[in-house]
Amino acid sequence: MAVELEAEEIRRRAETGRRLKAGIGTLSTAILTRLDQRLPWYRAMPPADRSWVGLVAQSGISSFVEWYRTPSMPIRMVSEIFRAAPRELVRSISLTQTLQLLRVVVEVVEERVPDLARPGEQADLREAVLRFSREVAFAGADVYARAAEARGTWDARLEAMVIDALVRGDAGPELSTRSAALGWRSEGPVAVLLGQAPQRAGRSVEQVREKAGAWAEDCLVGIHDDRLLIVLGGCEDFQQAGEQLGELFGPAPVVLGPQVATLAEAGASARAAQSALRAVAAWPGAPRPVRAEDLLPERALAGDEAARRTLIAEVYHPLAQAGGNLLETVSQYLDCGNSLEATAKAMYVHPNTVRYRLRKVAEVIPYDPTRSRPAFVLRCALVFGRLAAQAPAGELSSSHNPSPGAW
């Protein structure tokens, strides 16, 4: 008796399956019409994507029909449904939208149950539709999870490539293109924050990115050897951001590279930051973070040709071109141990004249000779400026400059 009932069940499912197969075209048309009526985002899709959605829906109906006609077929075959569409479709349609699509498909099929099955078979067909749709939902979630995992892995590799390019000093359109692929949208200024990576750095990268993102429109985070590098874009106050983000680094000094206009120029900020990080040990009292521009003397003494040129161009030359004996006064003042009276006596002028000239110096360049740290910067600038003035053209510029990628 049981065998006869089982045979009857198979016969009825086969009969309903034939009706389902015959109505695939009608169901597909009804589903696409309903999608167009119910889902605004579907109506707004490009024609190519809409056709792919229709192909996925038709593939799902065909898979259901085959499974219903052959109960022994594993229901896990629903994962094949999503292979009908290109991978790009996953990026065009979110998981939420996929579930909305599935809801519409189930709704249409359930409405057509009376036309597809006899009265005694309708309950079984509805149950089968719900069971199959549940499996499709799980399969869809799995597809999106795998896509997200793959995307996350690819993004991590791409971000690592961008960080490596900055470490090497590469720049230009290629850097911007790779960063755009990561979702970089900021058109504001950019600066690099560099320091020792914290312990368990691999576990903290996401935390670093999250906190850095609170201070900038965009950010990139990477760990190279034992260094943590953060690229900040579109930040209102880089110094304040650096102070707040300093706790993300290890206990060693942290350097803020100079601000540049675009991400394509971020290599210059990274090079300056690397040079400053190598030289910061020469200034025990350096703030944290310290700006790379504030370490120009130490960087120049360590062999950074760019820092040496900056000291000459932004400190020595302005003083030499300002006239009024400013350069001579600064030089004499420093040689006399920062004494107004001794400087005035050496130059045969009144101390007030020396005082006036020193104030003028602070107006020409952003360094006050009467303060210890600016006085050190001025002394180094004078040394390099005099050497440059005496050296044959191009000799200093051809000096060896350590590789910017040497950490």
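Use the structure listed above.
Reading guide: rules and limits
Residues numbered from 1 in each chain as written. Predicted model: local features only at pLDDT ≥ 70, side-chain atom pairs only at ≥ 80, totals over all residues. Heavy atoms only, no water. Phe/Tyr/Trp six-rings, centres within 6.5 Å; stacked < 30°, edge-to-face > 60°. Lys NZ or Arg CZ within 6 Å of the ring centre and 35° of its normal. Pairing = 2+ DSSP bridges. Helix = DSSP H or I, 4+ residues; strand = E, 2+ residues; numbered from the N terminus. Contact = heavy atoms within 4.5 Å. Axes fitted to C-alpha atoms, helices over the stretch in contact; angles between N-to-C directions. Polar contact = N/O pair within 3.5 Å; in protein donor to acceptor, adjacent residues only side chain to side chain. Parallel < 35°, antiparallel > 145°, perpendicular 65-115°, else oblique. Buried < 20%, exposed > 50% of the residue type's maximum accessible area, 1.4 Å probe, protein only. Expected span 1.5 Å × (residues − 1). Core = buried A, V, L, I, M, F, W, Y, C linked by side-chain atoms within 4.5 Å. Left-handed = near helix turned anticlockwise from the far one by under 90°. Nonpolar A, V, L, I, M, F, W, Y, C, P; charged D, E, K, R; others polar.

Undergrad: Outline the packing of aromatic side chains, supporting the account with residue identities and numerical values.
TA: Under the criterion given, the structure shown has 0 aromatic pairs. One Lys or Arg, Arg373, reaches over the ring of Trp283 and ends 3.6 Å from the middle of that ring.

Undergrad: How would you explain the sheet that holds strand S5 (residues 290-291) if you had to name every residue and give the values?
TA: Ordered in space as S2-S3-S1-S4-S5, the 5 strands form an open sheet in which the pairing is mixed. The sheet is open, and its two edges are formed by strand S2 (218-224) and S5, each paired on a single side. In terms of strand pairing, strand S4 (residues 254-256) meets S5 through 2 bridges, oriented parallel. Looking at S5, one finds that Leu256 is bridged to Arg291. In the packing of helix H11 (residues 238-245) onto the sheet, contacts are made with strand S1 (190-196), strand S3 (227-233), S4 and S5, and the angle to S1 comes to roughly 25°. Sheet strands touched by helix H12 (residues 266-279): S1, S3 and S4. Its angle to S1, the strand with the most contacts, is close to 30°.

Undergrad: Explain the side chain of Arg227 to me, and be specific about the residues and the numbers.
TA: Tracing the chain through its elements places Arg227 in strand S3. A polar side-chain atom of Arg227 sits 2.9 Å from a polar atom in the side chain of Asp226.

Undergrad: Go over the packing of helix H14 (residues 305-322) against helix H15 (residues 326-335), please, and point to the residues and values.
TA: Across the interface, H14 lies against H15 with an axial gap of 7 Å and an inter-helix angle of 120°. Judged by the angle between their axes, H14 and H15 are oblique. For the pair formed by H14 and H15, the contact residues are Tyr316, Leu319, Ala320 and Ala322 on the first element and Leu326, Leu327 and Val330 on the second.

Undergrad: I'd like a rundown of unusual backbone geometry, residues and numbers included.
TA: Looking along the chain, the bond that leaves Arg288 and enters Pro289 is cis, with omega of 5°. Within the fold, Pro289 resides in the loop between H12 and S5. Phi at Tyr348 takes a positive value of approximately 60°, unusual for a residue other than glycine. Residue position: Tyr348 is located in the loop between helix H16 (340-347) and helix H17 (351-364). With relative accessibility at 78%, the residue Tyr348 sits in the exposed group.

Undergrad: Just give me the short version of helix H18 (residues 372-390), but keep the residues and values in it.
TA: In this model H18 runs 27 Å from its N-terminal to its C-terminal C-alpha over 19 residues, within 8% of the 27 Å that 1.5 Å per residue would give. Taken residue by residue, H18 has Arg373, Pro374, Ala375, Val377, Leu378, Cys380, Ala381, Leu382, Phe384 and Gly385 as its buried positions. On its buried face, H18 sits against helix H13 (296-301), H14 and H15.

Undergrad: Hey, could you go over the environment of Arg355 for me, with residue numbers and the actual values?
TA: Mapped onto the elements, Arg355 comes out in helix H17. In sequence terms Arg355 and Thr329 are 26 residues apart; their C-alpha atoms lie 9.7 Å from each other.

Undergrad: Tell me about the nonpolar core, residues and numbers included.
TA: Of all hydrophobic cores here, the largest spans 32 residues; its most connected members are Leu35, Phe64 and Leu125. Phe64 has contacts with Leu20, Leu125, Ala128, Val129 and Phe132, leaving out every residue within four places of it along the chain. Counting 26 residues, the second-largest nonpolar core is a separate cluster that includes Ala307, Leu311, Ile312 and Val361.

Undergrad: Hey, could you go over the packing of H15 against H18 for me, with residue numbers and the actual values?
TA: To characterise two packed helices, one gives the angle between the axes of the helices and the distance between these axes. Between H15 and H18, whose axes approach to 11 Å, the crossing angle comes to 120°. In this view, H15 runs oblique relative to H18, as classed from their interaxial angle. As for the relative orientation of H15 and H18, their crossing is left-handed in sense. Contact residues: H15 offers Leu327, Val330, Ser331, Leu334 and Asp335, while H18 offers Ala375, Leu378, Arg379, Leu382 and Arg386. Classifying every residue of the contact of H15 with H18 gives 6 nonpolar, 1 polar and 3 charged.

Undergrad: Can you break down H14 residue by residue, with the values?
TA: The end-to-end C-alpha distance of H14 is 25 Å, a good match for the 26 Å that 18 residues give at a rise of 1.5 Å each. Considered for burial, the residues of H14 that qualify are Glu305, Ala307, Arg308, Leu311, Ile312, Val315, Tyr316 and Leu319. Buried residues along H14 sit in contact with H13, H15, H17 and H18. The backbone nitrogen of Ala306 has a side-chain oxygen 2.9 Å away, supplied by the residue at the start of H14, namely Asp304. In the segment just after H14, Gly323 is the residue with positive phi, at about 75°.

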